[in-house]
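# Architecture at a glance
Below, each chain spelled out in residue letters.
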Amino acid sequence: MYLWIKAIHVIAVISWMAGLFYLPRLFVYHCDAPAGSAQSETFKVMERRLLRVIMNPAMILTWACGLAMITLDPGLLKGAGWLHAKLSLVVLMTVMHMAMARWRRAFAEDRNTKSPRFFRVANEVPTLLMILIVILVIVRPF
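Numbers given for residues are sequential positions, taken from 1 along each chain in its written order. This being a predicted model, a pLDDT of at least 70 is required before a residue's local features are given, and a value of 80 or more before pairs of side-chain atoms are given or counted; all residues contribute to the totals for chains, interfaces and linings. Side-chain calculation: all heavy atoms of the structure are included, whereas hydrogens and water are not.

To continue, consider the pattern of salt bridges. Each salt bridge in this description consists of a side-chain nitrogen of Lys or Arg and a carboxyl oxygen of Asp or Glu lying within 4 Å of one another. Counted by the stated rule, this structure contains three salt bridges. Between K44 and D110 there is a salt bridge, with the nearest N and O atoms lying 2.9 Å from each other. Of this pair, K44 sits in helix α2 (residues 38-72) while D110 is found in the loop between α3 (81-108) and α4 (116-122), placing the two residues 66 residues apart along the sequence. Burial classes: relative accessible area under 20% of the type maximum marks a residue as buried, over 50% as exposed, and values in between as partly exposed (1.4 Å probe, protein chains only). With a relative accessible area of 12%, K44 lands in the buried category. Helix and strand assignments follow DSSP, with helices taken as H or I runs no shorter than four residues and strands as E runs no shorter than two, numbered in order from the N terminus.

Structure below.
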């Protein structure tokens, strides 16, 4: 059972990360679309569907499977500084997810005040977190 949960966890993480990489990119392009335009309305639909249909379920499944693995093997927590660090970074990833949901709402209400440059920089945060998380899981430096 543990390996099935782990496989689902990895699939969910990949799906979540795909959304975390793509949504800020949509925001960059959405910034250039005039409010109320057909293009802006199309971006609103794309952003809402990406968040609600892919990202939210993937995040929930990532957390549920991760916590299930720890529950099934509590020994993972003993002397595993890498896992504690990873979980801290996953919390930051979740905070980033929630920030993106807030930014999506601002676009949906035609009240975005952030620039394309802001979203280009924001797009790098999940990438950096992912790199650190993968290193912690594979290398287990501490």
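Moving on, we get to the UniProt feature "binding site: heme" (unreviewed entry) in the protein. Using the residue numbers shown here, the UniProt feature "binding site: heme" (unreviewed entry) corresponds to H9 and K86. A maximum C-alpha distance of 14.2 Å among these annotated residues, which run over 78 residues, shows that they cluster at one spot. Here H9 is to be found in helix α1 (residues 2-31). The class of H9 is buried, set by a relative accessible area of 10%. Not counting the four nearest positions on each side in its chain, H9 is found in contact with T62, C65, G66, M69 and K86. By the secondary structure assignment, K86 is in helix α3. Judged by relative accessible area, K86 falls into the buried class, the value being 15%. Leaving out residues up to four positions away in the same chain, K86 has contacts with H9, I133, L136 and V137. UniProt positions are given in the numbering used here, feature names are shortened, and annotations may be inferred rather than shown by experiment. The contact definition used throughout considers only heavy atoms, calling two residues in contact when any of these lie within 4.5 Å.

Position of F43 relative to the elements: it lies in helix α2. Using a relative accessible area of 10% as the deciding quantity, one classes F43 as buried. In sequence terms F43 and F107 are 64 residues apart; their C-alpha atoms lie 8.9 Å from each other.

To continue, consider helix α5 (residues 124-139). A rise of 1.5 Å per residue sets the reference length of α5, with its 16 residues, at 22 Å; its end C-alpha atoms lie 22 Å apart and thus fit the reference within 8%. All buried positions along α5 are accounted for by P126, L129, I133 and L136. Looking straight down α5, one finds its buried side chains confined to an arc of 95°; they lie on one side. Of the exposed residues in α5, those oriented more than 90 degrees away from the buried face are L128, I138 and V139. One or two positions beyond α5, positive phi appears at R140, with a value near 50°. One less than the number of residues in a helix, times 1.5 Å, gives the span that helix is expected to have. An arc is given here, and it is the one of the directions from the helix axis to the C-beta atoms.

So, about unusual backbone geometry. At D110, a position not held by glycine, the phi torsion is positive, near 55°. For D110, a relative accessible area of 41% corresponds to the partly exposed category. Residue R140 is not a glycine yet carries a positive backbone phi of 50°. With respect to the helices and strands, the residue R140 is situated in the segment after α5. Since its relative accessible area comes to 46%, R140 is described here as partly exposed.

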